[in-house]
Every structure is written in structure tokens, then in C-alpha cells.
Amino acid sequence: METRVKNVVSSLETGFDDVRMVGIKGMGGGGKTTLARAVFNHISTLFEGKSFVENVREVSKGSLFGLKELQKKVLSDVLNDQSIVEKGISNLENMMKTMMRSRKVLVVLDDVDDVEQLEALAGELTWFKPGSRIIITTRDQQVLVAHEVKCIHHVNLLSYEEAICLFSRYAFKTEIPKQGYENLSRKVVRYADGLPLTIKVLGSHLCGRNELEWADAIERLKTIPLDKTLKRLELSYNGLENDQKEIFLDVICILKGEEKDISIRILESCGFNAQIGLRVLEQKSL
Ligand SMILES: Nc1ncnc2c1ncn2[C@@H]1O[C@H](COP(=O)(O)OP(=O)(O)O)[C@@H](O)[C@H]1O
Ligand SMILES: [Mg+2]
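Quantities reported herein were computed from a predicted structural model and do not represent experimental measurements.

**Q** Describe in detail the pairing of strand β4 (residues 133–138), supporting the description with residues and values.
**A** Burial runs high along β4: 6 of the 6 residues are buried. Judged by which residues are buried, β4 turns out to be covered on both faces: R133, I135 and T137 on one side and I134, I136 and T138 on the other are all buried. Inspection of the sheet shows strand β1 (residues 20–25) paired to β4 by 6 bridges, in the parallel sense. Across the sheet, residue V22 finds its bridge partner in β4, namely I135. As paired elements, strand β3 (residues 105–109) and β4 share 4 bridges and run parallel to each other. Among the inter-strand pairings, L109 is bridged to a residue of β4, identified as I136.

Rendered as C-alpha cells:
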């Protein structure tokens, strides 16, 4: 992680007085937001104004005024003026163009999936005061290319050693697998294939469970072809509520193959709103 942060920070070359946009590209659950946040925390004090805009894709599509809300958020963050959020502003784009130039800013646009979002939030380099930096994360490199972002970092999957370490942190609260669980851990980590989200989720899920439960979960995981199902699942997984995430896991790991009615009963006995949860999962074609 530290190397990744360093690489992005050094490509930003904050000492130079030009305006720069840098992209971070990677799959869902791969660690883009985490990386962008770490970079932001690392260097934000070097700027006069800053804004970290999360979930651009989701918010901009969430309502008719989604993009306008995001424009207001950037302006109010950068100018440190909360009242902008409540104001009705007729020409937000104009305001972005004129007001953003007043400060050297650091802006992160997280999870962008359409060039329209970039046009609204960071349309041209000339919008910004010299020295400003814009970081954009996306699953879709094409968006970066279309917006002429030249410097693009690829978030690679974790190495086996990194993966084991991350998994152990969640499953055992230590850096290496607990004695007796080495083999089981290896199997789970191989399955997760270096994707941080999957590793974290499976680690938390298996934490505190006994060897039999582990073996059982691994058997069930084996029946799910990872690339076809799980990687696609990760994309939709991010959009689930926490409660639903738990259900999702129980469903894929533990209850796979059981009758749906039985699954619902078991989940409800654990205190979940299982009917709704399962419906959401079905709708998201999990
Ligand atoms: N290098 C890492 N080390 C530890 N945890 C990580 C790392 N990268 C990502 N994670 C965890 O994996 C999950 C998914 O990461 P996230 O940054 O949200 O991915 P993305 O934004 O690419 O979908 C998060 O819960 C995050 O805490
Ligand atoms: Mg993200």
C-alpha cells in the first residue's frame, strides 16, 4: 500500500506550477478508493482548498440533480463555504470555472464512469489555479483517455504475501495465519485471487469460526467459478447495505445449495431481514 501511495504522490509532482489530472484505474473492490484516500490524506495540507468526492457514479445517477449536487459539494469544500450547498445557483458550471481558479486545490473524483461527470466537475485544466491537482478513480480506462488524462496508475491485485497478511488481519487479528489454520487460509486466499474486497469479506466472515466451518465454507466456495461469479459480484457488492452484505456472504458461502425457504429461515433466525435481503440479491442478479 505504501509503495502505491508513494507512486501516485510522486507522479503528482506537487512542486510544479502546472495543473495536472492523474487517473487511478482498477476493478471494483481492487482498492482504488482506499488508495485515493491515502494519497489525499498524505498531501492535502499542501493545498489551499480540497475536496474528496466519493461515489461520483452513484450520486450523479441517483437523481436528476445528482451532478449539480456534486458541483456544489466541490465548490463548498474548496471555498470552505457550506452555504453554497443550500443556494440555488443558476449557472454552476460558470461558477466552477471562475471560483475554482481562486485557490490551489486538490480534488479527488472517486468512481467516475462517464466523461460527462468529468466535464461537469473538472471540465478543463484552465478551470484551475496553477499548482492544482485532480485525482480521478475509475473502473473504465476509456473515461480517462476520453478526458485526456495522461498519467494513469493501475491498481494491481495483491501479491500472495500481501493477500495472506490482509486476510490474517481480518480472520485472526494478526499478520500471519493462526496455528492449525495455515492450509485453510492458503486455500481461501488462493480463491480470492488478490482482490482486497473479497479477502477482507471472507476473512471477516471466517473470523471466530472453527475448522469444520472453514472446511465447509471452502468446499462451497469451490463450487463457485470465481471469475464468472465472484468478480462480477464484487461490482454489485459495493452497492449493498451492510446488512445485505452479511446475507450475501451467508448465502454464497454457507447456504449455497439449500432450499431458498430454508435459507430464509436460517437467516432470519440470525436476525436478518432475509426476505428483503434475498430479493435485493436476486434483483442485482447475484
Ligand atoms: N491495499 C489494501 N490493504 C488493505 N485493505 C485494502 C487494500 N485495498 C483495499 N482494501 C480494502 O478492500 C476493500 C475495497 O477497497 P476499495 O478501495 O473500496 O475498492 P474500490 O474503490 O476499488 O472498489 C475496502 O474495504 C478496503 O478497505
Ligand atoms: Mg471505490
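**Q** Residues and numbers for the site of ligand 1, please.
**A** Residues in close proximity to ligand 1 total 14 residues, the closest being G29, K32, T33, T34 and K200. Contacts to ligand 1 include G31, whose backbone N or O atom sits 3.0 Å from an oxygen atom. T34 has a polar side-chain atom sitting 2.5 Å from an oxygen atom of ligand 1. Computed on the free molecule, ligand 1 has an accessible area of 550 Å², of which 80% lies beneath the protein chains in the complex. If you list the elements that add at least two residues to the shell around ligand 1, you get α2 (32–43) and α11 (196–206).

**Q** Requested: an account of the environment of R209, with residues and values cited.
**A** By secondary structure assignment, the location of R209 is in the loop between α11 and α12 (211–222). What makes R209 partly exposed here is its relative accessible area of 27%. Residues R209 and A171, 38 residues apart in the sequence, show an inter-C-alpha distance of 9.1 Å.

**Q** Describe the packing of helix α1 (residues 2–12) against α2, listing the residues and the values that go with them.
**A** Following both chains from N to C, one finds α1 and α2 inclined at 60°, their axes separated by 9 Å at the closest point. When the axes of α1 and α2 are compared, the pair comes out oblique. As α1 packs across α2, the resulting crossing turns out to be right-handed. In this structure, α1 uses R4, V5, V8, V9 and L12 to contact α2, whose residues at the interface are L35, A38, V39, H42 and I43. Here the residues of the contact of α1 with α2 are counted per class, giving 8 nonpolar, 1 polar and 1 charged.

About the criteria used
- Residues numbered from 1 in each chain as written.
- Chains lettered and ligands numbered in written order.
- Predicted model: local features only at pLDDT ≥ 70, side-chain atom pairs only at ≥ 80, totals over all residues.
- Heavy atoms only, no water.
- Buried < 20%, exposed > 50% of the residue type's maximum accessible area, 1.4 Å probe, protein only.
- Helix = DSSP H or I, 4+ residues; strand = E, 2+ residues; numbered from the N terminus.
- Pairing = 2+ DSSP bridges.
- Near = heavy atom within 4 Å.
- Polar contact = N/O pair within 3.5 Å; in protein donor to acceptor, adjacent residues only side chain to side chain.
- Areas by Shrake-Rupley, 256 points an atom, 1.4 Å probe, with all protein chains shown as cover.
- Axes fitted to C-alpha atoms, helices over the stretch in contact; angles between N-to-C directions.
- Parallel < 35°, antiparallel > 145°, perpendicular 65-115°, else oblique.
- Left-handed = near helix turned anticlockwise from the far one by under 90°.
- Contact = heavy atoms within 4.5 Å.
- Nonpolar A, V, L, I, M, F, W, Y, C, P; charged D, E, K, R; others polar.

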